[in-house]
Amino acid sequence: MARILILGGTAEAAELVARLAGDDRLETVTSLAGLTRLPNASGRVRRGGFGGPAGLATFLKDERYNALVDATHPFAAQIAAHAAEAADIAQVPRIKLVRPPFERTEADRFIPVPDMEAAAASLPQGARVFLAAGRREIAVFTSRPDLWCLVRMIEPPVSGEKLPQGELILGRPPSDPMEEEELLTQHRIGWIVSKDSGGQAAAKIVAARQLGIPVVLVERPAPPQGPQVPDVDAVIAWIDRTLFAPP
Ligand code: NAP
């Protein structure tokens, strides 16, 4: 039976595991970065870092994996680079699933920036901003006390965690742009800051388009060299070709 390690933490990784679950030619293990309360993964799971590329290479060899699927988030640049290096060392075939960035239309008012620091610096004095970003990333906005920030987090802040000035709401992003439009209108939001994550995060981008709100868009880090595909179907086709094609 073929063994596949899936580097996860994304909706696509969870979908891939679910789609492969009935295939008795293979077994999957999902790797997650740490102990999140909402891991977004089913099936067999392992948690925690590998200790760099050499650690991951050793893990792949010792556990006799036949393939590595890097289905991590497009902004998880370090684990992507480590996966590429480890697969080379261990001589295990690797594929990177890179979901497409947000669609661009003429109605979008995107302001591309290289990182969150540049995003924070680009906002006008006193702006009312929706910060659609992770807790690590929003920290930089505490240096802009003139802004009013609407922050949405999935899990509540830990005690002592410093938040930008404004309002905090808890919950997952909705998939319906109308819900995002209501939220933005209700809070009189004039600016959005978002990473160019693509995928399920698109509702806020569509809402911004409808309302004509500018989006300061943090550009993606470049993925490592090597094969990449845009969706779960293409990963499954790659697995079939790589592991099960007749010689
Ligand atoms: P990162 O900066 O690229 O990686 C930091 C370190 O965390 C890696 O060097 C690795 O440690 C460990 N790590 C990361 N992903 C791992 C995984 N799936 N399994 C085992 N170890 C992992 O990663 P990040 O941006 O913090 O993202 C962490 C996780 O959250 C990823 O699984 C990603 O898919 C998910 N996620 C990230 C974002 C985002 O915006 N960055 C958004 C949604 C979900 P070692 O070097 O010790 O192996």
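Note: the structure precedes this text.
These numbers come from a predicted model, not from an experiment.

Calculation criteria
- Residues numbered from 1 in each chain as written.
- Predicted model: local features only at pLDDT ≥ 70, side-chain atom pairs only at ≥ 80, totals over all residues.
- Heavy atoms only, no water.
- Near = heavy atom within 4 Å.
- Polar contact = N/O pair within 3.5 Å; in protein donor to acceptor, adjacent residues only side chain to side chain.
- Areas by Shrake-Rupley, 256 points an atom, 1.4 Å probe, with all protein chains shown as cover.
- Helix = DSSP H or I, 4+ residues; strand = E, 2+ residues; numbered from the N terminus.
- Nonpolar A, V, L, I, M, F, W, Y, C, P; charged D, E, K, R; others polar.
- Salt bridge = Lys/Arg side-chain N within 4 Å of Asp/Glu carboxyl O.
- Buried < 20%, exposed > 50% of the residue type's maximum accessible area, 1.4 Å probe, protein only.
- Axes fitted to C-alpha atoms, helices over the stretch in contact; angles between N-to-C directions.
- Parallel < 35°, antiparallel > 145°, perpendicular 65-115°, else oblique.
- Left-handed = near helix turned anticlockwise from the far one by under 90°.
- Contact = heavy atoms within 4.5 Å.

Novice: Break down the site of the ligand for me, citing the residues and quoting the values.
Specialist: Inspection of the region around the ligand gives 22 residues, with G8, S31, F50, G51 and K195 positioned closest. The side chain of Q78 places a nitrogen or oxygen atom 2.8 Å from an oxygen atom of the ligand. In this structure, an oxygen atom belonging to the ligand sits 2.3 Å away from a side-chain N or O atom of K195. Protein contacts shield 76% of the accessible area of the ligand, which totals 810 Å² for the unbound molecule. Mapped by element, the contributors of at least two residues to the shell around the ligand are strand 2 (26-32) and helix 3 (77-90). The dominant element in the shell around the ligand, judged by the number of residues it contributes, is helix 3, at 4 residues. Looking at the shell around the ligand, its residues break down into 7 nonpolar, 12 polar and 3 charged.

Novice: Let's hear about the pattern of salt bridges: which residues, and what values?
Specialist: Tallying each qualifying case throughout the model produces 16 salt bridges. Here E161 and R135 are joined by a salt bridge, their closest N and O atoms 3.0 Å apart. With E161 in the loop between strand 8 (148-153) and strand 9 (166-170) and R135 in helix 5 (residues 135-138), this pair connects stretches of sequence that are 26 residues apart. We classify R135 as partly exposed; its relative accessible area is 33%. Across the salt bridge formed by R144 and D146, the nearest N and O atoms sit 2.7 Å from each other. In this structure R144 comes out as buried when scored by relative accessible area, which is 14%. Salt bridges here are not isolated pairs; linked through shared partners, they connect R3, E27, R44 and E63.

Novice: Tell me what's going on with unusual backbone geometry, and back it up with residues and numbers.
Specialist: A positive phi angle, close to 55 degrees, is found at Q91, a residue other than glycine. As for its placement among the helices and strands, Q91 is situated in the loop between helix 3 and strand 5 (94-97). Residue Q91 is classed as exposed on the basis of its relative accessible area, which comes to 67%. The residue R188 is not glycine, and still its phi comes out positive at about 50 degrees. Within the secondary structure, R188 sits in the loop between helix 6 (177-186) and strand 10 (191-195). The exposure class assigned to R188 is exposed, which follows from its relative accessible area of 59%.

Novice: Please provide a residue-by-residue account of the packing of helix 1 (residues 11-20) against helix 8 (residues 232-244), values included.
Specialist: The interhelical angle for the contact between helix 1 and helix 8, taken along N-to-C directions, is 50 degrees, at an axis separation of 10 Å. One finds that helix 1 runs oblique with respect to helix 8. The chirality of how helix 1 crosses helix 8 is right-handed. Between helix 1 and helix 8, the contacting residues are E12, E15, L16, R19 and L20 on the first element and V232, D233, V235, I236 and I239 on the second.

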